[in-house]
Amino acid sequence: MQHGIFSFLKTTLGVALLTAGLSATQAQAQELRVLTHSSFTVPKPLLAQFEKENGVKLRITKAGDAGEMLNKLILTKANPIADVVYGIDNALAPKALAADVLEAGAPAAAGRKPVAELPAPLVPVDYGYVTLNYDKAWFAKNGVALPKTLDDLTQPAYAKLLVVQNPATSSPGYAFLLSTIATLGEDKAFDFWAKLRANGLKVAKGWTEAYYTEFSQNGGKHPLVVSYATSPAAELFYSKTKLAEPPTGSLSLPGAVFRQVEGVALVKGGKNRAAAEKFVDFMRSAPVQTGMQTEMWMFPAEAGVAKAEAFKFAPEPTAFSAPSDADIAAKGAEWVARWTKVVLK
């Protein structure tokens, strides 16, 4: 998430709400600490049902963007702040594995082949595509053709039109950077980013700032934004007026699409291991896999789960690109530092 998107439109989950109405016995139930990114949203009745069926009380902590969440997990490694973590994606998985903050368990879901893979002990929960979105009305009004290549974005016709997220603080921003490196190669990718800077690239801290402040669809000045392939479907879903089609679209430019796979895993050194394994299975259960789709706007990782009707406006890109896990693990931090120097300094 991202991550997941549009979740801020939903009521934030809180411990008080989760525990509201629980019996005295349940209130005394053993606590299960769940660490997530800020976009985590699962229907509250399902969370309450999990607590009831498993005799646990969920304490869900939203720790910011996925990158920020992982950093907190690493910094508290000696005294873990959670028993189970959700939201580490394939871009961050190498860093999590290198830091040795995850632990293998024996959830049943780990034995079922998912639609999209993650390295163990992460169990895939959902997946989506980080890609460019555009404001249909702006391009129609201004008579500007949609870009067809990454290089187009460096041309004068697209000056000051694009807003991206800082890869140092945003998982979709990091994913977009990785897709350009995988496609162009390291040196050419940073030449591309230098040209983007010269062409008036706007950088936002995170997805929320980029999409809801800078994107012209929401009152900003930039008609191109890094977001998700499902964002147009979400725009239609949440529209207060009846629309025949989304007001935005996604672009699957070569080198500008990254498939993001998010997973759940036990935290090394965490408590309540049995309940943590049940939570892993819960996240891959059919009710959660169905319910989360129009909450976090990600595709289900469990094979056989039907996609939400709204996703007919979210076609999956046919191609995407990413460096190898080994390269991400070895060079990811270096790439972010180089991007910061090229784009921001």
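Residues numbered from 1 in each chain as written. Predicted model: local features only at pLDDT ≥ 70, side-chain atom pairs only at ≥ 80, totals over all residues. Heavy atoms only, no water.

In the nomenclature of an unreviewed UniProt entry, the protein chain corresponds to Thiamine ABC transporter substrate-binding protein from the organism Rhodoferax mekongensis.

**Observations concerning the overall build of the protein chain**
The helix and strand tally for the protein chain stands at 14 helices and 11 strands. The C-alpha radius of gyration computed for the protein chain amounts to 20 Å, which stays within 12% of the reference 20 Å derived for 345 residues, consistent with globular compactness. Oriented by its inertia axes, the alpha-carbon framework of the protein chain measures out at about 65 × 50 × 35 Å. By sequence separation, contacts in the protein chain at least 24 residues apart represent 79% of the contacts at least 6 residues apart. On the protein chain, roughly 14500 Å² of surface is accessible, and the fraction owed to carbon and sulfur atoms is 54%. Seen as two clouds, the 36 positive and the 31 negative side-chain charges of the protein chain have centres 4 Å apart. (Helix = DSSP H or I, 4+ residues; strand = E, 2+ residues; numbered from the N terminus. Rg over C-alpha atoms; globule rule 2.2 N^0.38 Å. Contact = heavy atoms within 4.5 Å. Areas by Shrake-Rupley, 256 points an atom, 1.4 Å probe, with all protein chains shown as cover. Lys, Arg positive; Asp, Glu negative; His and termini not counted. Charge placed at Lys NZ, Arg CZ, Asp CG, Glu CD.)

**Here we look at empty space enclosed by the protein**
A full pass over the atoms with the stated rule returns one cavity of 30 Å³ or more. Each pocket or cavity is described by its volume, and for the largest cavity that value is around 40 Å³. Lining the largest cavity we find Leu153, Tyr158, Lys160, Leu161, Leu162, Leu196, Asn199, Gly200 and Leu201. Split by residue class, the lining of the largest cavity holds six nonpolar, two polar and one charged. (1 Å grid on protein atoms, 1.4 Å probe; cavity = no way out; pocket = protein on both sides within 12 Å on 5 of 7 lines; lining within 4 Å. Points joined across faces, edges and corners; volume = space filled by probe spheres on them. Nonpolar A, V, L, I, M, F, W, Y, C, P; charged D, E, K, R; others polar.)

**Overview of the layout of surface pockets**
Empty space among the atoms can be located by rolling a probe the size of a water molecule over them. Of the volumes computed, that of the second largest pocket is approximately 190 Å³. In terms of lining, the second largest pocket is formed by 20 residues, of which the most central are Ala110, Ala120, Pro121, Leu122 and Val123. If you list the elements that add at least two residues to the lining of the second largest pocket, you get β5 (123-135) and β10 (258-267). Considered class by class, the residues forming the lining of the second largest pocket number 15 nonpolar, one polar and four charged.

**Quick word on the packing of aromatic side chains**
What the rule picks out here adds up to 22 aromatic pairs. Between Tyr211 and Phe215 the ring centres are 5.2 Å apart and the planes differ by 50°, which places this aromatic pair in the tilted class. According to the relative accessible area criterion, Phe215 is buried, its value standing at 0%. Summarising the aromatic geometry, the rings of Trp297 and Phe311 are spaced 5.6 Å apart at their centres and angled 55° between planes, so their arrangement reads as tilted. Note that Trp297 is positioned in the loop between α13 (293-296) and β11 (299-300) and Phe311 in the loop between β11 and α14 (325-343), a separation of 14 residues in sequence. Relative accessible area serves as the criterion here: at 0%, Trp297 is assigned to the buried category. An aromatic cluster is defined as three or more aromatic residues linked by ring pairs; in this entry it consists of Tyr127, Tyr129, Phe237, Tyr238, Trp297, Phe299, Phe311 and Phe320. Note that Arg259 overlies the ring of Tyr127, its terminal NZ or CZ placed 5.8 Å from the centroid. (Phe/Tyr/Trp six-rings, centres within 6.5 Å; stacked < 30°, edge-to-face > 60°. Buried < 20%, exposed > 50% of the residue type's maximum accessible area, 1.4 Å probe, protein only. Lys NZ or Arg CZ within 6 Å of the ring centre and 35° of its normal.)

**Some details on the nonpolar core**
Note that soluble globular proteins tend to have their nonpolar side chains buried in a common cluster. If you look at the biggest cluster of nonpolar residues, it comprises 101 residues, and the most contacted ones within it are Ile88, Trp193, Phe279 and Met283. Top contributing element to this core by residue count: β5, with seven residues. (Core = buried A, V, L, I, M, F, W, Y, C linked by side-chain atoms within 4.5 Å.)

**A short note on the confidence of the model for the protein chain**
On average, the protein chain scores 91 in pLDDT, and the residues at 70 or more come to 92%. Contacts from residues 1-27, a stretch scored under 50 in pLDDT, to residues over four places away or in other chains number 72 contacts. (pLDDT = per-residue confidence, 0-100.)

**What to know about the environment of Ser170**
Mapped onto the elements of the fold, Ser170 is located in the loop between β6 (162-165) and α7 (171-184). Between the C-alpha atom of Ser170 and that of Ala110, which follows or precedes it by 60 residues, the distance is 28 Å. Once residues lying within four places of it in the same chain are set aside, the contact partners of Ser170 are Asp65, Gln165, Lys205, Gly206 and Trp207. In this structure the side chain of Ser170 is engaged in a polar contact, spanning 3.2 Å, whose partner is the backbone nitrogen of Gly173. (Polar contact = N/O pair within 3.5 Å; in protein donor to acceptor, adjacent residues only side chain to side chain.)

**Side note on the side chain of Thr36**
Tracing the backbone through its elements, the reader meets Thr36 in strand β1 (residues 30-36). Judged by its relative accessible area of 0%, Thr36 falls in the buried class. The contacts of Thr36, once residues within four sequence positions are left out, are Ile60, Thr61, Lys62, Ala63, Met69 and Tyr86.

**Quick notes on the pairing of strand β8 (residues 224-228)**
Counting buried residues in β8 gives five out of five residues, a clear majority hidden from the surface. Alignment of β5 against β8, held across five bridges, turns out to be antiparallel. In the strand pairing of β8, Tyr134 is matched with Leu224. (Pairing = 2+ DSSP bridges.)

**Considering α14**
Of all the bends in α14, the greatest, near 60°, is centred on Lys331. Along α14, the residues classified as buried are Ile328, Gly332, Trp335, Val336, Trp339, Thr340 and Val343. Each element contacted by the buried residues of α14 is listed here: α5 (93-99), α7, α8 (186-198) and β7 (202-204). (Bend = angle between axes of the 7 residues up to and from the residue.)

**Considering the environment of Val163**
Along the chain, Val163 falls in strand β6. Sequence separation between Val163 and Glu235 is 72 residues, and the spatial gap between their C-alpha atoms is 18 Å. Apart from the residues lying within four places of it in its own chain, the contact partners of Val163 are Lys202, Ala204, Ala210, Glu214, His222, Leu224, Val225 and Val226.

**Side note on the pattern of salt bridges**
Applying the stated criterion across every chain, the model contains 15 salt bridges. Of the charged contacts, one joins Arg33 and Asp83 as a salt bridge, the two residues approaching to 2.8 Å between their closest N and O atoms. One end of the pair, Arg33, is in strand β1; the other, Asp83, is in the loop between α4 (66-75) and β3 (84-89), with 50 residues separating them in the sequence. With relative accessibility at 11%, the residue Arg33 sits in the buried group. For Asp83, a relative accessible area of 2% puts it in the buried group. Across the pair Arg338 and Asp187 runs a salt bridge, and its minimum N-O distance is 3.2 Å. Linking Arg338 in helix α14 with Asp187 in helix α8, this pair joins segments that are 151 residues apart in sequence. Arg338 gets classed as partly exposed once you look at its relative accessible area, which sits at 30%. (Salt bridge = Lys/Arg side-chain N within 4 Å of Asp/Glu carboxyl O.)

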